Amino acid sequence: MKKLVVTGGAGFIGSEVCRQVIAQTGWSLVNLDKLTYAGNLQSLATIESDPRYEFVHGDICDRPLVDAMLARIQPDAVMHLAAESHVDRSITGSASFIQTNIVGTHALLESTLGYWKTLSTDKKDQFRFLAVSTDEVYGSLGPTGYFSETTAFDPRSPYSASKAASDHLVSAWGHTYGLPVVISNCSNNYGPYHFPEKLIPLMIINAMNDKPLPVYGDGSNIRDWLFVQDHARALRLLVEHGRPGETYCIGGRAERTNIDVVTALCGLFDPIRSRPAGETAKRLITFVQDRPGHDKRYAIDSTKIETELGWKPSVSFEHGLRCTVDWYLANRTWWEPIINGVYAGTRLGLPVA
Ligand code: NAD
Ligand code: DAU
């Protein structure tokens, strides 16, 4: 049985990892999370009383706390997801991104290295530090081509620059100190428990409430969408079988323009909302001022993880989108407190005049 430390396990992807680990493996796990605006223990309600699950409220920057936790838990792996994750927020204010994504990753690497040095040779070899990162470190694509593990970094937002710095630190701790690190760079995730500052949950909740659906620019920017459960499954494979020192790109092979995503969502709402004859949710679409420095296109070539580990996305975009809409319809008690509390859906990330 493996013992895992997951950082950021109260967030969107981290909570899916925690739920999957408890439901689908015999592993035990400790979730270290600071509970920022994006952390939500409601996302872990189904596993909170499982004896194999423990929550530790804390900051990855807190060396004494993390040192003591690692010494007590004696984990076989650390899966690092804790981050500031929203591009628009990084445009409005970058300080917390530098602090958590760079200073925090550095602190976590130092704590993990200190712990790893105490292990037996066998345990040292088996140990993994998996850093969960983003395709945004590679910059922006033109109409053709794909990001892969050999694409040069070219981050363009404060968020992606902070994640690129984090990836460089992780890689350096592998090369210099021999810590068995693995890095994953994944495309846009979507699915249940997604914080409603992000495109898909924001559009779903606004459509449910008959509010405008704000599309940045002309809606032609492209993202490569992956259902969150498929990402979490890839991360579980990587923490067990990823080769130390290697990077793995993970993507959905599901490129869509933003306007196509929003139009598809409108199509899912029309049959379930009673409107005057002929009226569709599409009338809510509103083109708004573009995101500063808006990356045009992301697309991932995930051949490496597909061939090495046999991973493939299992959920089509159309099916995943429908499941996601159904989940938000059925789980108002999860998102209503957010909309009425920490985030009411207002536009973020515009330059101050
Ligand atoms: P999220 O914003 O939903 O969750 C982040 C979590 O980290 C929250 O629970 C928050 O409380 C916690 N956290 C923040 N700062 C912390 C700190 N200093 N110490 C401890 N915990 C802290 O993020 P997400 O969308 O689940 O993304 C998780 C990871 O995956 C991030 O590293 C992100 O860069 C990466 N990623 C996300 C996507 C995506 O589409 N969402 C795609 C690729 C990679
Ligand atoms: O590519 C992986 C990244 O995907 C992750 O690293 C980030 O953590 C995650 O937030 C996500 O970043 P994006 O900026 O691509 O996601 P977001 O949902 O913010 O925006 C998706 C696209 O939709 C983007 O082109 C901007 C656009 N958009 C977004 C919002 C919130 C709109 O048109 N309107 C909106 O209201």
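Residues numbered from 1 in each chain as written. Chains lettered and ligands numbered in written order. Predicted model: local features only at pLDDT ≥ 70, side-chain atom pairs only at ≥ 80, totals over all residues. Heavy atoms only, no water.

**Q** So what's going on with the packing of aromatic side chains? Which residues, and what values?
**A** As enumerated under the stated definition, the model contains 17 aromatic pairs in all. Look at Y138 and F153: their rings are 5.6 Å apart centre to centre, the planes differ by 80 degrees, and that puts the pair in the edge-to-face class. With Y138 in the loop between β5 (128-134) and α6 (158-177) and F153 in the loop between β5 and α6, the pair connects residues that are 15 residues apart, well separated along the chain. When its relative accessible area of 4% is taken as the criterion, Y138 is described as buried. (Phe/Tyr/Trp six-rings, centres within 6.5 Å; stacked < 30°, edge-to-face > 60°. Helix = DSSP H or I, 4+ residues; strand = E, 2+ residues; numbered from the N terminus. Buried < 20%, exposed > 50% of the residue type's maximum accessible area, 1.4 Å probe, protein only.)

**Q** I'd like a description of the site of ligand 1, backed by residues and values.
**A** Looking at ligand 1, there are 28 residues lining it, with I13, D33, S85, Y159 and K163 nearest. Note that an oxygen atom of ligand 1 is positioned 3.0 Å from one of the backbone N or O atoms of F12. In the model, a nitrogen atom of ligand 1 is placed 2.9 Å from a nitrogen or oxygen of the D59 side chain. Against a free-state accessible area of 840 Å², the protein chains account for coverage of 96% of ligand 1. Mapped onto the shell around ligand 1, the elements with two or more residues apiece are α1 (12-24), β5, α6 and β7 (188-190). Of all the elements, β5 adds the most residues to the shell around ligand 1, at three residues. Here the shell around ligand 1 is composed, by residue class, of twelve nonpolar, twelve polar and four charged. (Near = heavy atom within 4 Å. Polar contact = N/O pair within 3.5 Å; in protein donor to acceptor, adjacent residues only side chain to side chain. Areas by Shrake-Rupley, 256 points an atom, 1.4 Å probe, with all protein chains shown as cover. Nonpolar A, V, L, I, M, F, W, Y, C, P; charged D, E, K, R; others polar.)

**Q** If you had to explain the packing of helix α11 (residues 317-330) against helix α12 (residues 332-339) to someone new, which residues and values would you point to?
**A** Closest axis-to-axis distance for the α11/α12 pair is 6 Å, and the angle between their directions is 75 degrees. The pairing of α11 with α12 is recorded here as roughly perpendicular in orientation. Contacts between α11 and α12 pair W327, Y328, L329 and A330 from the former with R332, W334 and W335 from the latter. For the contact of α11 with α12, the per-class residue count stands at six nonpolar, no polar and one charged. (Axes fitted to C-alpha atoms, helices over the stretch in contact; angles between N-to-C directions. Parallel < 35°, antiparallel > 145°, perpendicular 65-115°, else oblique. Contact = heavy atoms within 4.5 Å.)

**Q** So what's going on with the side chain of D33? Which residues, and what values?
**A** Within the element layout of this structure, D33 appears in strand β2 (residues 28-33). One buried charge, D33, has no salt-bridge partner; the nearest side chain with opposite charge is K34, at 9.1 Å. Within the structure, D33 has its side chain in polar contact with the backbone nitrogen of G9 (distance 3.3 Å). Only 2.9 Å separates the side chain of D33 from the backbone nitrogen of A10, close enough to count as a polar contact. Residues within four places of D33 in sequence aside, it is in contact with G8, G9, A10, G11, G39, F55, V56, H57 and G58. (Lys, Arg positive; Asp, Glu negative; His and termini not counted. Salt bridge = Lys/Arg side-chain N within 4 Å of Asp/Glu carboxyl O.)

**Q** Explain helix α8 (residues 228-241) to me, using residue names and the numbers behind them.
**A** Across its 14 residues, α8 extends 20 Å between first and last C-alpha, which sits within 8% of the 20 Å expected from 1.5 Å per residue. Among the residues of α8, those classed as buried are V228, D230, H231, A232, A234, L235, R236, L238 and V239. (Expected span 1.5 Å × (residues − 1).)

**Q** Describe the sheet that holds β7, with residues and values.
**A** Strand pairing in a sheet relies on backbone hydrogen bonds. The paired strands run either parallel or antiparallel. Strand order across the open sheet formed by three strands is β7-β9-β11, with mixed pairing between neighbours. Single-partner strands in this sheet number two, and they are β7 and β11 (255-257). The sheet shows a mean angle of 50 degrees between the axes of neighbouring strands, direction not considered. Contacting β7 and β9 (222-227), α8 crosses the sheet at an angle of about 70 degrees to β9. (Pairing = 2+ DSSP bridges.)

**Q** With reference to specific residues and values, describe the environment of N206.
**A** Its place among the elements puts N206 in helix α7 (residues 199-208). N206 sits 67 residues away from G139 along the chain, and the two C-alpha atoms are 29 Å apart. Once residues within four sequence positions are removed from consideration, N206 is found in contact with K211, P212, L213 and P214. Of note is the side chain of N206, whose polar atom sits 3.0 Å from the backbone oxygen of P212.

**Q** Can you tell me about the site of ligand 2, naming the residues and giving the values?
**A** Taken together, 23 residues lie around ligand 2, and T134, D135, Y159, R291 and H294 are the ones closest in. Residue L199 places a main-chain N or O atom 2.8 Å away from an oxygen atom belonging to ligand 2. Here ligand 2 has 690 Å² of accessible area as a free molecule, and 94% of this is covered by the chains. For the shell around ligand 2, the secondary structure elements donating two or more residues are α7 and β8 (213-216).

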